[in-house]
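# Tertiary structure, described
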Amino acid sequence: MTNDTAVTPLPLAPGQWALDPFHSSVNFTVRHLGIAKVRGRFERLEAGLYIGERVEDVRISATVDLASINTGNADRDAHVRASDLLDVEKRPTMTYRSTRVSGEGEDWTMEGELTIGEVTRPVTLAVEFGGLVDVPMDGSRHAGFEATGEIRRGDFGLDFAPGLLGDVVKIQLDMQFVEPRQNV
């Protein structure tokens, strides 16, 4: 007989987990001319993961430097940063703050708020927990996650180039976090 009111323990140690920036990335895909996809990534990212005693206490926050866009074409990247498109002078960062995490096992959902410039909208991401591993070189413990979802450019006032670029932007985050060291 099971107790439905029992709290399922989290597989991660409580505390503030640090981002491993060398093994994390923010990637995106957007349609070009409606017929092909342009893929890119943002090279600079800061994020933190707070693990509490319960799932309800889990929080993540992330800040992406929009000027760090890399689509594999320097001229295109410079144009996207310009004032007539993304306008990184006016919108230097994109931030995400979780408001609710739910799920179990490998499959989770993260609800949160995405802010680009002065516009904030709710965004839900599907999260896959990749697992935990002890790193032999330094004894640290890493947790891996993949989060996927999509946003609409128009929802954030980024409705430039209609017909040239699709409105839907698919996002994929591959993130590794390092467990906090316990004081011994």
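Residues numbered from 1 in each chain as written. Predicted model: local features only at pLDDT ≥ 70, side-chain atom pairs only at ≥ 80, totals over all residues. Heavy atoms only, no water.

A regular strand places its side chains on the two faces of the sheet in alternate fashion. Pairing of strand β7 (residues 93–104) with strand β8 (residues 107–116) involves ten bridges; the strand directions are antiparallel. Of the residues in β8, the one forming a bridge with arginine 97 is glutamate 113. Inspection of the sheet shows β8 paired to strand β9 (residues 119–134) by ten bridges, in the antiparallel sense. Residue threonine 115 lies in a different strand from β9, and its bridge partner there is threonine 120. Connecting the antiparallel pair β8 and β9 is a turn made up of two residues, with glycine 117 showing a positive phi of about 65°. (Pairing = 2+ DSSP bridges. Helix = DSSP H or I, 4+ residues; strand = E, 2+ residues; numbered from the N terminus.)

By secondary structure assignment, the location of phenylalanine 160 is in the loop between β10 (141–152) and β11 (165–178). The spatial distance from the C-alpha of phenylalanine 160 to the C-alpha of aspartate 84 is 7.6 Å, given a sequence separation of 76 residues. In contact with phenylalanine 160, not counting residues within four places along its chain, are Asp84, Leu85, Leu86, Arg153 and Leu165. (Contact = heavy atoms within 4.5 Å.)

Take a positive patch on the surface next. Taken together, Arg31, Lys37, Arg39 and Lys170 make up a surface patch of like positive charges. Its place among the elements puts arginine 31 in strand β2 (residues 25–32). (Patch = residues over 30% accessible without salt bridge, like charges linked within 9 Å, V, L, I, M, F, W, Y side chains within 5 Å. Areas by Shrake-Rupley, 256 points an atom, 1.4 Å probe, with all protein chains shown as cover. Salt bridge = Lys/Arg side-chain N within 4 Å of Asp/Glu carboxyl O. Lys, Arg positive; Asp, Glu negative; His and termini not counted. Charge placed at Lys NZ, Arg CZ, Asp CG, Glu CD.)

To continue, consider the pattern of salt bridges. The full count for this structure, using the stated rule, is seven salt bridges. In this structure, the salt-bridge partner of arginine 97 is glutamate 113, at a minimum N-O distance of 2.6 Å. Here glutamate 113 lies in strand β8 and arginine 97 lies in strand β7, a separation of 16 residues in the sequence. On the basis of relative accessible area, arginine 97 is assigned to the partly exposed category, the value being 43%. Ionic pairing is found between arginine 141 and aspartate 134, a salt bridge with its closest N-O pair at 3.1 Å. Aspartate 134 sits in the partly exposed class, given a relative accessible area of 48%. (Buried < 20%, exposed > 50% of the residue type's maximum accessible area, 1.4 Å probe, protein only.)

Here we come to the environment of alanine 126. Assignment of secondary structure puts alanine 126 in strand β9. Take alanine 126: its relative accessible area is 41%, and that puts it in the partly exposed class. Among all residues touching alanine 126, those that are not within four sequence positions of it are Trp108, Glu146, Ala147 and Thr148.

Right, let's talk about the side chain of serine 68 for a bit. Along the polypeptide, serine 68 turns up in the loop between β5 (59–65) and β6 (69–70). Apart from residues lying up to four places away in sequence, serine 68 is in contact with Arg41, Phe42, Glu43 and Arg44.

On the surface, Leu33, Ile35 and Leu164 cluster together into a nonpolar patch covering about 310 Å² of accessible area. Structurally, leucine 164 is set in the loop between β10 and β11.

The next thing to look at is unusual backbone geometry. Within the chain, leucine 33 stands out as a residue other than glycine whose phi angle is a positive 60°. Along the polypeptide, leucine 33 turns up in the loop between β2 and β3 (36–42). One non-glycine residue, aspartate 87, adopts positive backbone phi at about 55°. Among the secondary structure elements, aspartate 87 is positioned in the loop between α1 (74–81) and β7.

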